[in-house]
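Notes for the structure review
As a plain string of letters, each chain reads:
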Amino acid sequence: MSAASGTGNAISLTANLATAATDLVIITVNGQISPTFTGSAITNTATANPPAGVTDPTPATSSVVTNVSTLADVRIIKTAPSNAGAGAPITYQLRITNDGLTTATGTTISDNVSANITGVTWTVTATGGATAAVPSGTGNNISFLADIPKGGLITVDITGTASPALTDGTTISNTATATIAATITDANPSDNTATVNT
């Protein structure tokens with residue numbers, strides 16, 4: 001054979017095979033499916049072409065289809081103070097991670113902050129290979145897309161002011177969600193929502 005091993009996706013080599021049909025070339029290919037793959041199957045075709053001047057009455061070609069499952073495990077945690085004073089600053093934080101093998105591409109992170117919180121601003125920090133569509137924003141309706149690989153982290157720091165009109169004992173409830181793309185399965189969707197009360 002012209003090569004005993006190699007690397008890369010394009011495999012090409014030459015070998016001499018006897019006419020008795022007892023000669024055999026076995027090629028073992030090892031690789032890893034990209035964690036950003038979002039399809040449902042991978043097709044691979046291999047061919048064996050005879051040398052110039054030789055006719056093969058049954059061209060040697062073979063294809064295989066491998067079904068692929070995309071499995072992420074996105075989790076969101078929201079923290080907030082247990083108490084806040086009317087008219088005082090308040091800070092929330094979101095932490096969104098992915099413990100699955102598949103990159104959670106196109107994950108929508110949303111948080112509709114209560115109207116009882118005014119002057120809302122927020123900043124996004126992406127680490128561990130994660131990326132976010134926006135670095136920051138203002139307003140109570142937070143929504144943006146993010147790509148989160150295994151071990152990646154999106155952190156959202158939200159600040160605002162509790163309305164001075166709030167009365168003693170008022171509870172402010174806030175829920176944030178991380179919704180993965182429809183083409184990706186989440187191993188545990190129950191932890192894609194987090195609610196805190198102040």
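Right above here is the structure, for reference.
Residues numbered from 1 in each chain as written. Predicted model: local features only at pLDDT ≥ 70, side-chain atom pairs only at ≥ 80, totals over all residues. Heavy atoms only, no water.

1. What about the layout of surface pockets?
Cut-off, in case you're wondering: Residues are called lining when one of their atoms sits within 4 Å of a cavity or pocket point, these points coming from a 1 Å grid over the protein atoms alone, where a cavity is a set in which a 1.4 Å probe fits but cannot get out and a pocket is an open set with protein on both sides within 12 Å along at least five of seven lines. Grid points are joined across faces, edges and corners, and a volume is the space filled by probe spheres set on the points. Starting at the N terminus, helices and strands are each numbered in turn, a helix being any DSSP run of H or I of at least four residues and a strand any DSSP run of E of at least two.
Computed from the structure, the largest pocket encloses a volume of approximately 2,100 Å³. Surrounding the largest pocket, 45 residues form its lining, Ile11, Leu13, Ile27, Ala46 and Thr47 being those nearest its centre. Sorting the residues of the lining of the largest pocket by element identifies β1 (41-48) and β2 (60-67) as the ones contributing at least two each. Per element, the largest residue contribution to the lining of the largest pocket is seven residues, and it comes from β1.

2. Quick look at the side chain of Asp111
Cut-off, in case you're wondering: Three exposure classes are used, based on accessible area relative to the maximum for each residue type with a 1.4 Å probe and protein chains only: buried under 20%, partly exposed in between, and exposed over 50%. What qualifies as a polar contact is a pair of N or O atoms within 3.5 Å, subject to a donor-acceptor requirement within protein and to the restriction that residues adjacent in sequence count only when both atoms come from side chains. A contact between two residues is defined here by any heavy atoms of the two lying within 4.5 Å.
Checked against the element boundaries, Asp111 lands in strand β6 (residues 104-112). Classification of Asp111 by relative accessible area gives buried; the value is 0%. A polar atom in the side chain of Asp111 sits 3.0 Å from the side chain of Asn174. Once residues lying within four places of it in the same chain are set aside, the contact partners of Asp111 are Lys78, Leu94, Asn140, Asn141, Ile142, Ile158, Asn174, Thr175 and Ala176.

3. Description of the environment of Thr91
In this structure, Thr91 sits in strand β5 (residues 89-98). Judged by its relative accessible area of 43%, Thr91 is partly exposed. Thr91 sits 31 residues away from Trp122 along the chain, and the two C-alpha atoms are 9.6 Å apart. Setting aside residues up to four positions removed in sequence, Thr91 forms contacts with Thr79, Ala80, Pro81, Ile158 and Thr159.

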